[in-house]
Amino acid sequence: MMFVTPAFAQGAAAGGEANFFMSIVPFLLIFVIMYFLVIRPQQKRLKAHRELTTNLRRGDTIVTSGGIIGKVTKAVDDGEVEVQIADNVRVRVTRASVSEVRAKGEPVSSDA
């Protein structure tokens with residue numbers, strides 16, 4: 001009575017393998033749910049912000065992440081734009097700090 005029969009030992013080994021896979025299923029479900037609820041929307045927002053900052057033009061009214069509202073006067077380089085925040089007051093801000101474009105400006109004329 002002290003010893004385990006071979007049939008009982010084989011059945012326990014096969015059940016342990018299936019039990020292992022069943023314990024992994026909840027973790028996989030949690031990862032899939034996190035992907036669709038957190039990671040994917042964040043990637044979409046990042047792509048939309050990148051598109052917004054690359055399409056800045058002269059004349060656009062923007063809001064920076066610091067809350068400053070101004071009008072884009074020129075694109076200094078790929079990473080910065082010059083913004084007029086008051087009469088005769090112009091500042092250079094990074095494109096990444098632009099959080100919103102309130103009004104789109106006129107396209108630059110080809111005469112200049």
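So, how was this worked out
- Counting restarts for each chain, with residues numbered from 1 along the sequence as it is written.
- Thresholds applied to this predicted model are a pLDDT of at least 70 for local features of residues and 80 or more for the giving and counting of side-chain atom pairs; totals over whole chains, interfaces and linings are not thresholded and use all residues.
- Just so you know, side-chain values use all the structure's heavy atoms and leave hydrogens and water out.
- UniProt positions are given in the numbering used here, feature names are shortened, and annotations may be inferred rather than shown by experiment.
- When DSSP locates at least two bridges between a pair of strands, those strands are taken to pair.
- The helix and strand labels rest on DSSP assignments: H or I over at least four residues marks a helix, E over at least two residues marks a strand, and numbering proceeds from the N terminus.
- Salt bridge criterion: a side-chain nitrogen from Lys or Arg within 4 Å of a carboxyl oxygen from Asp or Glu.
- Note on exposure labels: buried denotes an accessible area under 20% of the residue type's maximum, exposed denotes more than 50%, and partly exposed covers the range between, all computed with a 1.4 Å probe on protein chains only.
- Note on geometry: axes are lines fitted to C-alpha atoms, helical ones only across the stretch in contact, with angles between N-to-C directions running from 0 to 180 degrees.

- Per an unreviewed UniProt entry, the chain goes by the name Sec translocon accessory complex subunit YajC and belongs to Terrihabitans rhizophilus.
- According to the UniProt record, the Subcellular location (unreviewed entry) comment for the chain reads "Cell membrane".
- Annotation of the chain in UniProt includes, under Subunit (unreviewed entry), the sentence "Part of the SecDF-YidC-YajC translocase complex. The SecDF-YidC-YajC translocase forms a supercomplex with SecYEG, called the holo-translocon (HTL)."

**Examining the pairing of strand β3 (residues 80-86)**
Here is step 1: Strand direction decides the pairing type here: strand β2 (residues 69-75) and β3, joined by four bridges, are antiparallel. Paired with A75 across the bridge in β3 is V81.
Here is step 2: Between β2 and the antiparallel strand that follows it, β3, lie four residues.
Here is step 3: Between the end of β3 and the start of strand β4 (residues 89-94), which pair antiparallel, lie two residues, with N88 showing a positive phi angle near 60 degrees.

**Topic: the UniProt feature "transmembrane region" (unreviewed entry) in the chain**
Here is step 1: Residues annotated in UniProt with the feature "transmembrane region" (unreviewed entry) correspond here to residues 20-39.
Here is step 2: Secondary structure across residues 20-39 comprises 100% helix and 0% strand; the distance between its end C-alpha atoms is 27 Å.

**Overview of the pattern of salt bridges**
Here is step 1: Scanning the model with the defined rule gives three salt bridges in all.
Here is step 2: For E80, the salt bridge is made with R92, and the minimal N-O distance between the two is 2.3 Å. Residue E80 is located in strand β3, and its partner R92 is located in strand β4; the two are separated by 12 residues in the primary sequence.
Here is step 3: On the basis of relative accessible area, E80 is assigned to the partly exposed category, the value being 24%.
Here is step 4: Taking relative accessible area as the criterion, R92 reaches 52% and is therefore assigned exposed.
Here is step 5: E100 is paired through a salt bridge with R102; the nearest N and O atoms lie 3.6 Å apart.

**Quick word on the sheet that holds β3**
Here is step 1: Taken in spatial order, the five strands line up as β4-β3-β2-β1-β5 in an open sheet, and their pairing is antiparallel. Lying at the two open borders of the sheet, with one neighbouring strand each, are β4 and β5 (98-103). Along the sheet, successive strands turn relative to each other by an average axial angle of 45 degrees, direction set aside.
Here is step 2: Two strands pair when backbone bridges link them, and strand β1 (residues 61-64) and β5 are joined in this way by four bridges, in the antiparallel orientation. The residue of β5 that forms the bridge with I62 is V101.

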